[in-house]
Structure formats: C-alpha cells, structure tokens
Amino acid sequence: MSDIFPVFHKLLGRSDKEALLKQNGVVIWMTGLSASGKTTLAIGLEKALHEKGHLCYVLDGDNVRTGINNNLRFSEEDRKENIRRVAEVSKILLECGVITINCFVSPTEELRNLAKTIIGEDDFKLVYVNTPIEVCEQRDSKGLYAKARKGEIKDFTGVNAPFEVPTSPDLEIKTTEHSFEENLKTLVDFMSPKIKL
C-alpha cells in the first residue's frame, strides 16, 4: 500500500466556501421515532431556506440506505456504522459550507453523541421531533409498526427496541401541540441566526 500524503493545507478553506455561499454551514440532526414527522419537517425547512437563498441538503434513511449505506442492515453494529458514515458525509458537506439537514431515528444517546463528536459540537444542532408513538403508528404509511407488533420486524424502535429521549436537545418540537406550519416556522426561526454569515 502506498503512503498517503494529505494535501488539505492546499485546499480552499471552509470560510472561503461559506463566503461564496453567503451562509454558515451547520448540521441539524433531527431525531425522533419513525413516522414522527422528521423528514416532512426537513423538506419544509429545506424549501424555506432555499427560498431565502441558502444551499441545503437533506439526508435521511431512505436516500442513504439506497446509496452509500446500501450494504448495511439493522443490526446494532450496522446501525452504528450507518450513523458514523452519515456523520462523516455531513462533515464533508459542512466543510463546503452546506446546511445539512439529517433525519435519523438515532435512538440512543450513544449514537447521537457519536455523530456530534464526528461533526463537532459547535456545528451540531440536535432537534428532537417529539411525537407520541400512538400518533406515529397512525401516520405510518409503510406499515412498519404493525409488522413489528406482529413480530415480523425485530428490534424496531418504539415497539421492541428502546428510544432514549434526548436529555438536552437544542430544540424540541412537539408536533401534536402545534400545526405543521407553526412547527416549521419554529424550526426556520431556530436555524436563521445559526446560518447567518
């Protein structure tokens, strides 16, 4: 194996790219149960920020597991590797000044802290999308909760695997207490000062 000689010192820095984009890069990490509304809010946030002239990218379980993580399953080891890879990709996007919006169940403090460590505490904003499991089951268009309750899916978060509520999220959105539009506004208002250059 040949030696690797890093050339990072020759590359343009993050600040150069943020200046070009006229925004601060940041990673917003949305955690919550399956069907809690993470991706719906993320899509809304991306559109709202795009309309304000910001470059964003949404990563969620569907788009990473059909590409970069398509060799991973749902064992504990693979779930950890899934989050590790997502965090590393997010860090690359962050260094390009991109606002990265991640939607992952990431059910344990260990997994969320792994992502935060890789990305960096100052650039990692944890948003807890808090939706009661009963509501998530009603919304579940894929029928995953029903399959889990029948024993067809093992280790499904919220049914036969635990979800650890974040102890100190940067923002908590209780989806059943406000309308989607109100929750989206809360999210946009939360992000706006963090991405302002």
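Residues numbered from 1 in each chain as written. Predicted model: local features only at pLDDT ≥ 70, side-chain atom pairs only at ≥ 80, totals over all residues. Heavy atoms only, no water.

It is worth spelling out the overall build of the protein at this point. Within the protein one finds eight helices and five strands. Counting helices and strands in the order they occur from the N terminus, the protein gives α-β-α-β-α-α-β-α-β-α-α-β-α. Summarising its shape, the C-alpha atoms of the protein cover approximately 55 × 50 × 30 Å along the three principal directions. Here the protein holds 197 residues, and 42% of them are scored as buried. (Helix = DSSP H or I, 4+ residues; strand = E, 2+ residues; numbered from the N terminus. Buried < 20%, exposed > 50% of the residue type's maximum accessible area, 1.4 Å probe, protein only.)

Its location among the elements puts Asp-62 in helix H3 (residues 61-65). On the accessibility criterion, Asp-62 (47% relative accessible area) is partly exposed.

So, on to the packing of aromatic side chains. In the structure shown here, the tally under the stated rule is four aromatic pairs. With centroids separated by 5.9 Å and ring planes inclined at 25°, the aromatic side chains of Tyr-128 and Phe-163 adopt a geometry described as stacked. With Tyr-128 in strand S4 (residues 124-130) and Phe-163 in the loop between helix H7 (144-149) and strand S5 (171-174), this residue pair connects regions lying 35 residues apart in the sequence. Each member of the pair, Tyr-128 as well as Phe-163, carries the same accessibility label: buried. Ring geometry for Tyr-145 versus Phe-156: centroids 4.9 Å apart, planes at 85°, classification edge-to-face. Note that Tyr-145 is positioned in helix H7 and Phe-156 in the loop between H7 and S5, a separation of eleven residues in sequence. By relative accessible area, Tyr-145 is classed as buried at 1%. The buried category is assigned to Phe-156, whose relative accessible area is 11%. (Phe/Tyr/Trp six-rings, centres within 6.5 Å; stacked < 30°, edge-to-face > 60°.)

Here the focus is the sheet that holds S5. Sheet architecture is open: five strands sit in the order S2-S3-S1-S4-S5, paired in parallel fashion. Only two strands of the sheet have a single partner each, and these edge strands are strand S2 (56-60) and S5. Across this sheet, the average inter-strand angle for adjacent strands is 20°, counted without regard to direction. Of the strand pairs in this sheet, S4 and S5 are connected by four bridges, and their pairing is parallel. Looking across to S5, one finds that Val-129 is bridged to Ile-173. (Pairing = 2+ DSSP bridges. Axes fitted to C-alpha atoms, helices over the stretch in contact; angles between N-to-C directions.)

Before going further, it helps to spend a moment on the pattern of salt bridges. The tally for this structure, following the rule as stated, stands at eight salt bridges. For Lys-185, the salt bridge identified is with Asp-189, shortest N-O distance 2.7 Å. Of this pair, Lys-185 and Asp-189 both sit in helix H8 (residues 180-195), separated by four residues, roughly a single helical turn. Take Lys-185: its relative accessible area is 53%, and that puts it in the exposed class. Classification of Asp-189 by relative accessible area gives partly exposed; the value is 43%. Residues joined in a network through salt bridges with shared partners are Arg-14, Glu-18 and Asp-123. (Salt bridge = Lys/Arg side-chain N within 4 Å of Asp/Glu carboxyl O.)

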